[in-house]
Amino acid sequence: MKYIIGLFFSLILLSLVLSRKKILEPGNSLNSSTFQIDSSAKDSLNLSQGRSVLNDAIARIRKGQFNHDTKKLLDSAKAIYGKIERLPIKDLSNLYSYLDVFTYEARQLDENIEFNKEFIEKYKTYNNKNYSKLLMATSNLGYSLLDVGKPLEALRESIFPIKKTIDSLLNEKIADSLENQLRTAQLVNYRQLILSAQELENGKILREALIDFEDYLKQDNISEEAKQFLPYALSNLADVCIELGEYEKAKSHIEHWKSLVDSNKYIDQLMILDLESKMQKINNEISTLEVTLKNANTIYNLIDEDNPYKNIFYTSILYRITKIQLENDAIDKSSLSSRINKLLELSESNIDRDRTFALYAYDLEILKNFKPLSLDTLPYFIDEQLKLATQFNKSDFLNKNAIHKIKFALLKNDSFQLDNIIMSFLDRNKIDSLNTISSLNQDFKNRLYGSLHTAQTSISISNLLLEQAFKSKDQQLFSTSYKLAFLAGMLVDVNKSQFNFNSLERDLINNINTNLLKCRENLDLSIENVAAHNDGVIEVLEQNTNSLLTIKNSINSIKYDYSMDAQIVMDSLNIVDAQIAQVRSNLFNSSDKEYQELQKDLDSLKLNKANILIDIKKDAYSTKLNDALGFEMAELKSKLGAKEAIIRFYDYDDLYAFLISKDQSRFFNLGSSDKIANDVSNFLKNIRGLKDIDESYNSMASHLKPILQNLKASRITIVPEGMISLLPFELFVDKTLENNITVNYNSSLKIIGSDINSETLQLASFSPAYSSERSRQNVFRQSIERSSNAYELPFALEEASYVASLFNGDLFKGKEADKETFVNMASNYQILHLAMHAYTDSDNEYDSKLLFSGNNNEDHLDLEAIYNLNLKAKLTTVSACNTGFGRIDPIEGVLSFSRAFQYAGSDATLTSLWRVPDKETSIIMKRFYENLKEGQSKSEALKGAKKYYLETTEDPNFKHPYYWAGFVLTGDTSAITSGSNYWVYIIGVLAILALLIFTIKKRLNTN
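Position labels on residues start from 1 in each chain and follow its written sequence. Owing to the predicted nature of the model, reporting of local features is limited to residues with pLDDT of at least 70; listing and counting of side-chain atom pairs is limited to 80 or more, with chain, interface and lining totals taken over all residues. Hydrogen atoms and water are omitted, and side-chain values are computed over all heavy atoms in the structure.

- Per an unreviewed UniProt entry, the protein goes by CHAT domain-containing protein and derives from Winogradskyella flava.

Structure below.
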């Protein structure tokens, strides 16, 4: 990738060099008669002398003499010009233009950066400046910063300022010629932005740049000059799309690029084949890969021998195709040997870059000797690969080599060698030993320097050890696999700013979570260490689960709207994360002297980040920012009362659960996820069908028995995952509602205990009108009926009116209860009550809707729009059918209205797991709000409402759980009012009066 990026730099630089070279053309040397001099005689003399010296330097530069003598002349001209009080602007521009050309061509990049910065600062002080020169210098600065490995500085000092300037100018009324020039500059700037984000490994910046770049390419007014860069822009876009997992987009950009490439541009065709082979590898198109290689061989032979890039792309194609064919047993021995020899032949070079081609050859030799196993020859190729990878500091091949050595040691059953290899891997990543790896050790987390690539290597080694551990039942192997999975999980967490948000990262995280849970299940732990191990596992799992949700939403192009204040905070956090990533990268390869200084920089940046996170937590900008916050079990446990417990489920082949209380956390494997999911489905089917539930209830209870036997709490929070999310857990801990137990739900451990503070308590109640006239019926009617045959909701309006009057709130009914009113007004209320129809789309969860007034599709509020609301609600009640029910997503859990409103900022939600009839819903809802008004907690209020319903319902048929058990509370359970317990005040007043009477009588008796 490094060399490909280098090629992209060179292609872009072609235009810049041409601009730089214009000053080398005849007629561009300096003439003292060109400028009018308004200065002292001394300044005039210095100006004349400086121009003369600079002209001598120009003459040498034109001849390609980028040597010490030319540099001496340039330094002399600069020194003479420095004596002039106010150098004419054109002289300033010419001097620094030549300094830029010389230092760049001579590869004196540090000086080049210094000169460009000097010029930009000085040039800004002039009134009659030429903005194109300023843009050019700023652009040149960016490329030089990229060349010296400072992508973040390139972004901040060059690329972003240019982007801002271009965007600003394009918004003004300007001449067509200037607009065309700016459009071309914009294209180059977008490419530079993408290259910087790639180098920085910042997926967020990369995705945003990709979106902007693709929007640019959709324009009809791309200038002819800009179109000259279009083929390489498309190659860049295709490569980035592959990196981000946007394979269809990549394919489209490759096809567009192919349509623009002339038949005699062989290097372009080879680059296209390189990208196509990447796509074919991803899709495992083995037969197509063979055709691609044949085409690559033909084109390779047509490219000039002195082309510096032909071998880069060719060896990349050759290695990639051969490796996948070897892994799939789709290549014969003769062809394999021939290709390995070709790679070794191309590596015999004086150019360091080409010498690394041997790494490809050694990797193929190692894979070949593993299939079939050849213990005699494997060590030689493994050692040769290690030597070369170490010599050229090729971290990707160092990681591959570690995996090869682990496999070899396991095959030989050599535990001593295995320990040494793992210790070497840890040492390379500046980790003292396996025993220091702990998510609960903050100092260890602060000193983690590995990247996502290190995380991938760590979990790959963990996989090999875990596979062997299951075979041998070796506790040491389970323990080591467990520690390396821990390490991988923590590396993922500290490298979130590097996410490309693609399926590879998703698979990495799922792999980590699976290994942690399987290892935890099979480890024999001492009693005193159990809680600490469980807490550590939960911390990593919870951070990973939140990361999975972020990745999923990015893959699905779900973008969230933030308030202005929240966006400023997020931007600040992203910049700090990018700075931390760059410093950590530099630390990894630093000398001892550099290490100390870089460590100070890192500590300072982490302190800055900590302060930003404190602001996020303290000011509660939005629950959308919760992903930025860390998660610590110690903090969660400190929020729990003595009678509180949390059950956190994780669904990975088996269904695992952690029972968390203030003093401990316990681990359970509840059995096969598929078996449990089937039993959940049968149980719910019986409830919704109003059938006898005893048999299916007992089946479910048997799965939950290990937890229920150990559950002593009276306040229980369920954080579910998988099909268990659809289960009304209350039925299994307090079936008759006679015990002093309340149950509520939450979507994440990270947001338990967080609260949105509001000084006022305003309620809004919405109840749309639904027409019974067939010609005006809504198209969703058949899918969303709350009652048996009724489309109108007579009890819903009564319910909404009662709730509004109870809290002296605002009632929006009939046509007033439309989507626009809700979206515009919802953020003004602390309690939202929605008595309406809901439509749940099981195929596309984001098409699920709340049906406000109106008969058209656009009149209703879909799930994605709810996610983007900015609410300040303590409670949102969605009194509609199936609002807590949704498609089970392996990452996000139940994709429902409950999760959407919670993410939008609602502190708690009350929703239903299945269709509940209108009348019964109304009874429970009214009582729920009466209980809230009295000052009960939300969970107590809901339980009391259900209990009231059972006590006041005379017909036994209507006491079936179908009618009352489906309502679930998710989120914060605390009370929303202090209640109106006037009797407390009466008792207090009476007590004071009694005390006064007693005191008076006592004094009278004394007298």
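Some points on the packing of helix α8 (residues 176–200) against helix α11 (residues 230–244)
Part 1 of the reasoning: The axes used here are C-alpha line fits, helices contributing only the stretch in contact, and every angle between their N-to-C directions lies in the interval 0 to 180 degrees. Counting from the N terminus, the helices are DSSP H or I runs at least four residues long and the strands are E runs at least two residues long. Direction vectors running N to C along α8 and α11 enclose 30 degrees, while the axes themselves pass 11 Å from each other. Considering the angle they form, α8 stands roughly parallel to α11. Crossing geometry of α8 relative to α11 is assigned as left-handed. Where α8 approaches α11, its residues Leu187, Arg191, Ile194, Leu195 and Gln198 are matched on the opposing element by Leu230, Tyr232, Ala233, Asn236, Leu237, Asp239, Val240 and Glu243.
Part 2 of the reasoning: Following the grouping adopted for this structure description, the nonpolar residues are Ala, Val, Leu, Ile, Met, Phe, Trp, Tyr, Cys and Pro, the charged ones are Asp, Glu, Lys and Arg, and the polar ones are all others, Gly among them. Across the contact of α8 with α11, the residue classes break down as eight nonpolar, two polar and three charged. If an angle is under 35 degrees, it is roughly parallel; if it is over 145, roughly antiparallel; if it lies from 65 to 115, roughly perpendicular; otherwise it is oblique. Here a crossing is taken to be left-handed if its near helix is turned anticlockwise relative to the far helix by less than a right angle, and right-handed if that turn runs clockwise. The contact definition used throughout considers only heavy atoms, calling two residues in contact when any of these lie within 4.5 Å.

So, the packing of aromatic side chains
Part 1 of the reasoning: Pairing of aromatic side chains here covers Phe, Tyr and the six-membered ring of Trp, requires ring centres within 6.5 Å, and sorts the geometry by plane angle: under 30 degrees stacked, over 60 edge-to-face, intermediate tilted. Tallied over the full model, the rule gives 32 aromatic pairs.
Part 2 of the reasoning: Considering the side-chain rings of Phe766 and Phe812, the 4.7 Å spacing of their centres and the 15 degrees angle between planes classify their relative orientation as stacked. Within this pair, whereas Phe766 is found in strand β6 (residues 763–767), its partner Phe812 is found in strand β7 (residues 810–813), the two being separated by 46 residues in sequence. Comparing Phe766 with Phe812, the two get one shared label, buried.
Part 3 of the reasoning: Ring geometry for Phe766 versus Phe852: centroids 6.2 Å apart, planes at 85 degrees, classification edge-to-face. Placement of the pair is Phe766 in strand β6 and Phe852 in the loop between β10 (849–851) and β11 (861–862), with a sequence separation of 86 residues.
Part 4 of the reasoning: A network of ring pairs unites the aromatic residues Phe766, Phe812, Phe822, Phe852 and Phe901 as a single cluster.
Part 5 of the reasoning: A cation over a ring is seen here: Lys407 above Phe370, with NZ or CZ 4.4 Å from the ring centre. Note on exposure labels: buried denotes an accessible area under 20% of the residue type's maximum, exposed denotes more than 50%, and partly exposed covers the range between, all computed with a 1.4 Å probe on protein chains only. In our convention, an over-ring charge means Lys NZ or Arg CZ found within 6 Å of a ring centre and within 35 degrees of that ring's normal.

What about the pattern of salt bridges?
Part 1 of the reasoning: The term salt bridge refers to a side-chain nitrogen of Lys or Arg lying within 4 Å of a carboxyl oxygen of Asp or Glu. A complete count under the given rule lists 40 salt bridges for this structure.
Part 2 of the reasoning: The salt bridge partner of Asp212 is Lys163, with a shortest N-O separation of 3.9 Å. Taken together, the residues span a long stretch of sequence, with Asp212 in helix α9 (residues 203–217) and Lys163 in helix α7 (residues 151–170) at a distance of 49 residues.
Part 3 of the reasoning: Overall, Asp212 belongs to the partly exposed group, its relative accessible area being 27%.
Part 4 of the reasoning: Since its relative accessible area comes to 19%, Lys163 is described here as buried.
Part 5 of the reasoning: Lys258 serves as the salt-bridge partner of Glu276, at 3.0 Å between the closest nitrogen and oxygen. In this pair, Glu276 is assigned in helix α13 (residues 266–282) and Lys258 in helix α12 (residues 247–260), connecting sequence segments 18 residues apart.
Part 6 of the reasoning: Taken together, the salt bridges that share partners define one network made up of Lys71, Asp75 and Glu111.

Side note on the pairing of strand β2 (residues 654–660)
For a regular strand, side chains alternate in direction, first toward one face of the sheet and then toward the other.
Part 1 of the reasoning: With six of its seven residues buried, β2 lies for the most part within the structure.
Part 2 of the reasoning: Strands were regarded as paired on the criterion that DSSP finds at least two bridges between them. As defined by bridge partners, strand β1 (residues 644–652) adjoins β2 across seven bridges and the pair is classed as antiparallel. For Asp651, the partnering residue across the bridge sits in β2 and is Leu655.
Part 3 of the reasoning: A loop of one residue connects β1 with β2, the two strands running antiparallel in sequence, and Asp653 in this loop sits at a positive phi of about 70 degrees.
Part 4 of the reasoning: In this sheet, strand β3 (residues 665–672) lies alongside β2 in antiparallel orientation, the contact comprising six bridges. Its bridge partner being in β3, Tyr656 is matched across the sheet by Asn669.
Part 5 of the reasoning: Connecting the antiparallel pair β2 and β3 is a turn made up of four residues.

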